[in-house]
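Chain and residue survey
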Amino acid sequence: MKKKFLFVCLVAAVSVAGFSQKVPTYLDDSKPIEQRVAAALAAMTLEEKVALCHAQSKFSSKGVPRLGIPELWMSDGPHGVRAELLYDEWSQANWNNDSCTAFPALTCLAASFNPDLAHLYGTAIGEEARYRNKSVLLGPGVNMYRTPLNGRNFEYMGEDPFLASRIAVPYIKGVQSIGVAACVKHFALNNQENWRMNVDVNLSDRALREIYLPAFKAAITEGKAWSLMGAYNKFRGQHCCHNDLLLNQILKKEWKFDGVVISDWGGTHNTQEAALNGLDLEMGTNTNGMTASIANSYNSYYLANPFLQELRSGKMDVSIVNDKASRILRLIFRTIMDRKRPFGSLATPEHAAVARKIAQEGIVLLKNDQQTLPISPSVKSIAVIGENATRSMTVGGGSSELKVKYEVSPLEGIKSRFGKTATIDYSLGYGSGKYQYDKVAPSPYDALKLRTEAVAKAAKAELVVFVGGLNKNSEQDCEGRDRVSYGLPFEQDLLLTEILKVNPHVVLVLISGNAVEMPWIKEVPAIVQAWYGGTESGNAIADILSGDINPSGKLPFTFPVKLEDNSAAAFGEIAYPGDAKTHKQEYKDDILIGYRWHDTKAIKPLFAFGHGLSYSSFQLSGFATSKPSYQAGDSIVVSVQVKNTGKYDGAQVVQVYASQTKSSVMRPKKELKAFQKVFLKPNEAKKVTIKIRTKDLAFFSESAKDWKLESGEFVLHIGTSSDNIVKSIPININ
Ligand code: GLC
């Protein structure tokens, strides 16, 4: 008995000693991350380091199984967590536990001009990604809106680098507050879908620095994004996924990025450049990002065996793989190995409420003659017409497609809000083909028959709500191909014109992520830009149409009258879409895109950047700046009183643009340098103070290859839209 007792004590003693044996540093989350990275690297073999640098499946990359370091799982996209795909196929896995909340497309978030909502958005989508056990959320996209034909504009934040920066930073911070990495994309100059895999963009350093990089720079230096995705296209002859200037010189050296550069899916093209020009994690090789690739070819990835050979033979120094592996380990420790991070949640009522609030604040009231809106409760019959009143808008668009728990269509939203006081009569009016990613499905409908039925219903109703626009089908706001025309598709113009002949009381609700041509603009009394509003879009649209919510959105991009008025269309094929043979492209519009182009060239737009009406009216007064003149390094404080002189609760966005009176180089007529959204009850007034840093008034000098702030007079233009400046105040920079 005694012997047995002694034996048990011995075993117990050994096992306690064994367990109290030190946890290796890399597994000890009481240790600083940099120590854990160094310790893990020291414990890893060359093969294990190389294995970290490339995919092991469609959306995952290896960890270090031997050391208990988990693998990285990533998911699209910027508007919600994509349905689970099969391990090595592009088809959905058909799980029954991955239905999500679809948040509004990022153009809608940008249109809210509300950075607080961007943080709310990031936190909520971060919670859904966390709950779905994804360590990297492949968003937000911050490419600039240069042409209204770009298929993916709906995924981005408009034409102004300052607005995009102010919205991207809190979105990223929100996502990462849940222990999920944001992945800001597509770095850089991915401003069209045509030839996206190889179009070779060139532009001036000044345009690169002043227009196309600022939102990425803010995402990295202020948002502290833990990962970034290289773009498919080339920049000055080198693919962006392994581009020395963009990734080594600017991103990692100048901006001190300590995260992971992830390739776009299929954006990696050779081992030498991938190893030496700043790529850290190769994903999706042999695919165009949306369709098939060679199955199980992961060991043949450029950063797999070929890279291992270069290292083993000594042709490449081991420091090259150490840097990549360190960055990937840092990402793992910041996410899946952070045991203190929250657990997230999926498709909750709270997230749906966030989606609805963002959709409400992003909807832009473009036109509202004869007080057509809000719809009076006395209206007894409403004809709802158009395919976009019923068509799902959370599917399609490409990689940002979603499988939602539910989606409220505009028709459902209108029925639930107005159905008690009015008869709601729906007709399709026009129809498009079923969703296809890489080809345009023809419309299976008899257009004349649909049109005749719709016009007949319009004639009988008091009010028509026409819900049209684009639909995230190929060439209709979709990844992979640009739009082929600026006008509305499927003969919507004809249908609208026919309806207006029988009933002038038409509210047009545009569902799109792009500007469209409006030949009927004079005849339509009310127009609402409703974006792709996500899970609660139908309710948000009804909230606005009914006046339950007063619209406060502002356009994040210009609506040109005709395509030729757009900057990218003004310099021939080389400027857009690029040379048909060489696929070389020159951004000849340079720093003048969007309102910068329209204002400087005096080309009146259909609707201007920053434009958005309200059911209320607002008065701006009491303009002042802190001083008449400033030294470099000072902050300029602008104050203005805003009063709600209408009868609805509402919000106004005070926008401050700046111009330099006499400069040594051509500068845009004015540029957005600050904005603030202010919420006011009827007759309420608030004093808004806005800070601008003098360095934000500098331009990027081509000769000095650096930012330059010249002394002299500048003018601050304060207003509620780029084409509604209420007061201009000159100041001096000494
Ligand atoms: C796609 C897109 C990118 C997406 C990735 C994975 O081609 O360009 O935005 O995150 O591939 O689907």
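Rules used throughout
- Residues numbered from 1 in each chain as written.
- Predicted model: local features only at pLDDT ≥ 70, side-chain atom pairs only at ≥ 80, totals over all residues.
- Heavy atoms only, no water.
- Domains from an automatic or database assignment.
- Contact = heavy atoms within 4.5 Å.
- Salt bridge = Lys/Arg side-chain N within 4 Å of Asp/Glu carboxyl O.
- Polar contact = N/O pair within 3.5 Å; in protein donor to acceptor, adjacent residues only side chain to side chain.
- Helix = DSSP H or I, 4+ residues; strand = E, 2+ residues; numbered from the N terminus.
- Nonpolar A, V, L, I, M, F, W, Y, C, P; charged D, E, K, R; others polar.
- Pairing = 2+ DSSP bridges.
- Near = heavy atom within 4 Å.
- Areas by Shrake-Rupley, 256 points an atom, 1.4 Å probe, with all protein chains shown as cover.
- Axes fitted to C-alpha atoms, helices over the stretch in contact; angles between N-to-C directions.
- Buried < 20%, exposed > 50% of the residue type's maximum accessible area, 1.4 Å probe, protein only.
- Phe/Tyr/Trp six-rings, centres within 6.5 Å; stacked < 30°, edge-to-face > 60°.
- Lys NZ or Arg CZ within 6 Å of the ring centre and 35° of its normal.
- Arc of directions from axis to C-beta.

Once that is clear, we can look at the domain arrangement of the chain. The assigned domain composition of the chain is domain 1 (2-32 + 42-66 + 73-334), domain 2 (350-555) and domain 3 (618-733). Computed from C-alpha atoms alone, the centre-to-centre distance between domain 1 and domain 2 is 35 Å. With 48 residues of domain 1 at the interface, the matching set in domain 2 holds 43 residues. Two residues, R82 and E401, come together in a salt bridge whose shortest N-O distance is 3.2 Å. Viewed at the interface, domain 2 and domain 1 are joined by 26 residue pairs in polar contact (both at pLDDT 80 or more). Tallying contributions element by element places helix α5 (residues 115-131) first for the side of domain 1 that touches domain 2, with six residues. In the side of domain 1 that touches domain 2, the residues fall into 22 nonpolar, 17 polar and nine charged.

Attention now goes to the pairing of strand β27 (residues 724-733). Of the strand pairs in this sheet, strand β19 (residues 629-630) and β27 are connected by two bridges, and their pairing is parallel. Across the sheet, S629 pairs through a bridge with N732, a residue of β27. Both strand β26 (residues 712-721) and β27 contribute to a ladder of nine bridges, which runs antiparallel. Within the sheet, the bridge partner assigned to S721 lies in β27 and is N724. The antiparallel pairing of β26 with β27 creates a hairpin that spans two residues between the two strands.

The next subject is the site of the ligand. In the vicinity of the ligand, 16 residues are found, and the nearest of them are D76, R152, H186, Y232 and D264. At 2.6 Å from an oxygen atom of the ligand is found a side-chain nitrogen or oxygen belonging to D76. Within the complex, 100% of the 310 Å² of free accessible area of the ligand lies under protein. Across the shell around the ligand, the residue classes tally to five nonpolar, four polar and seven charged.

All right, on to the sheet that holds strand β13 (residues 423-427) then. Taken together, six strands build an open sheet; the order of strands is β11-β16-β15-β14-β12-β13 and the sheet is mixed. Each end of this open sheet is capped by a strand with a single partner; those strands are β11 (364-368) and β13. Adjacent strand axes in the sheet meet at a mean angle of 15 degrees, parallel and antiparallel pairs treated alike. Across the face of the sheet, helix α15 (residues 447-460) comes into contact with β12 (381-385), β13 and β14 (463-469) while running at roughly 160 degrees to β12. The sheet strands contacting helix α17 (residues 537-546) are β14, β15 (506-511) and β16 (526-529), and the helix crosses β15 at an angle near 150 degrees.

Attention now goes to the pairing of β26. Judged by how many residues are buried, β26 sits mostly within the fold: eight of ten residues are covered. For strand β21 (residues 650-660) and β26, the ladder comprises six bridges, and the chain directions are antiparallel. Note that in β26 the partner of Q660 across the bridge is F714.

Another aspect to go through is the packing of aromatic side chains. The way to describe two aromatic rings as a pair is by their centre distance and the angle between their planes. Scanning all chains against the criterion turns up 23 aromatic pairs. Between Y145 and F557, the aromatic rings sit 4.0 Å apart at their centres with planes inclined by 10 degrees, giving stacked as the arrangement. Pair noted here: Y145 is in the loop between β4 (136-137) and α6 (161-176) and F557 is in the loop between α17 and β17 (584-586), with a separation of 412 residues, a long-range link. Each member of the pair, Y145 as well as F557, carries the same accessibility label: buried. Put simply, the rings of F113, F162, Y595, F609, Y657 and F675 touch in pairs and so form one group of aromatic residues. We note R36 situated over the ring of F333; from NZ or CZ to the ring centre the distance is 4.5 Å. In this structure, R146 is placed above the aromatic ring of Y587, and the distance from its NZ or CZ to the ring centre is 3.9 Å.

Turning our attention to helix α16 (residues 492-502). For an α-helix, 3.6 residues make a turn, and residues three or four places apart therefore share a direction. Within the span of α16, buried status applies to Q492, L495, L496, I499 and L500. Relative to the axis of α16, the buried residues are bounded by an arc of 135 degrees and lie together on one face. In the core, the buried residues of α16 are packed alongside β12, α15, β14 and β15.

Attention now moves to the pattern of salt bridges. The final tally for this structure, using the stated rule, is 47 salt bridges. The salt bridge partner of R330 is E34, with a shortest N-O separation of 2.8 Å. With R330 in helix α12 (residues 318-334) and E34 in helix α2 (residues 33-43), this pair connects stretches of sequence that are 296 residues apart. Classification of R330 as buried rests on a relative accessible area of 11%. Using a relative accessible area of 43% as the deciding quantity, one classes E34 as partly exposed. The salt bridge partner of E254 is R209, with a shortest N-O separation of 2.7 Å.

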